[in-house]
Amino acid sequence: MILALTIGVLTAGGVYLMMQRSMVRGVFGLTLISHAANFILLSAGVSAWRVEPLSNRGDQSVAADPLPQAFVLTAIVITLAVTIFMLALAVLGHDDDQRRAPETGEERES
């Protein structure tokens, strides 16, 4: 129940931030939504507490499925790369839609 509530709060916060005009808030909103997706992937693979998926510890029939854990680790790395890229774009295009374009020195032809 707590995990479902956490996923809902992260998704709602992410959607709220993505609806804002600022690029940085949009990036943080996308990051929150990706964290919610990671929790969904993790909850899909672990329905109840199970032992670690190591070969020499415990019975293999009660071991947790390592595939969703691998998906979550891969998604975290991809999310970090996309977040850094989008923040770099936000720095380069700071308030690009609210300012006048700088003069280039070219004269307009009449």
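As the structure is a computational prediction, the values presented were derived from the model and not from experiment.

What counts as what
- Residues numbered from 1 in each chain as written.
- Predicted model: local features only at pLDDT ≥ 70, side-chain atom pairs only at ≥ 80, totals over all residues.
- Heavy atoms only, no water.
- Helix = DSSP H or I, 4+ residues; strand = E, 2+ residues; numbered from the N terminus.
- Areas by Shrake-Rupley, 256 points an atom, 1.4 Å probe, with all protein chains shown as cover.
- UniProt positions renumbered as here; feature names shortened; annotations may be inferred.
- Contact = heavy atoms within 4.5 Å.
- Patch = residues over 30% accessible without salt bridge, like charges linked within 9 Å, V, L, I, M, F, W, Y side chains within 5 Å.
- Salt bridge = Lys/Arg side-chain N within 4 Å of Asp/Glu carboxyl O.
- Buried < 20%, exposed > 50% of the residue type's maximum accessible area, 1.4 Å probe, protein only.
- Polar contact = N/O pair within 3.5 Å; in protein donor to acceptor, adjacent residues only side chain to side chain.

> Before we go on, may I ask you to explain the overall build of the chain in this structure?
Of regular secondary structure, the chain possesses 3 helices and 0 strands. Listing the helices and strands of the chain from first to last along the sequence gives α-α-α. Accessible surface computed for the chain: about 8800 Å², of which carbon and sulfur atoms make up 66%.

> Would you take a moment to explain the UniProt feature "transmembrane region" (unreviewed entry) in the chain for this structure?
In this structure's numbering, the residues bearing the UniProt feature "transmembrane region" (unreviewed entry) are residues 27-49 and 69-92. Its end C-alpha atoms 35 Å apart, residues 69-92 is made of 100% helix and 0% strand.

> Whenever I open this one, the side chain of N38 confuses me. Can you help?
Topologically, N38 is positioned in helix α2 (residues 23-45). When neighbours within four sequence positions are excluded, N38 is seen to be in contact with V72, A75 and I76.

> Is there a simple way to explain a nonpolar patch on the surface in this structure?
On the surface, a nonpolar cluster with roughly 320 Å² of combined accessible area is contributed by M18, L30, I78 and V82. Residue M18 is classed as partly exposed on the basis of its relative accessible area, which comes to 40%.

> How should I be thinking about the environment of T74 in this particular structure?
Inspection of the secondary structure puts T74 in helix α3 (residues 66-92). Separated by 36 residues in sequence, T74 and N38 have C-alpha atoms that sit 9.7 Å apart.

> Just checking my understanding: could you explain the environment of S22 for this structure?
With respect to the helices and strands, the residue S22 is situated in the loop between α1 (2-18) and α2. In terms of polar contacts, S22 uses its side chain to reach the backbone amide nitrogen of V24, at 3.4 Å.

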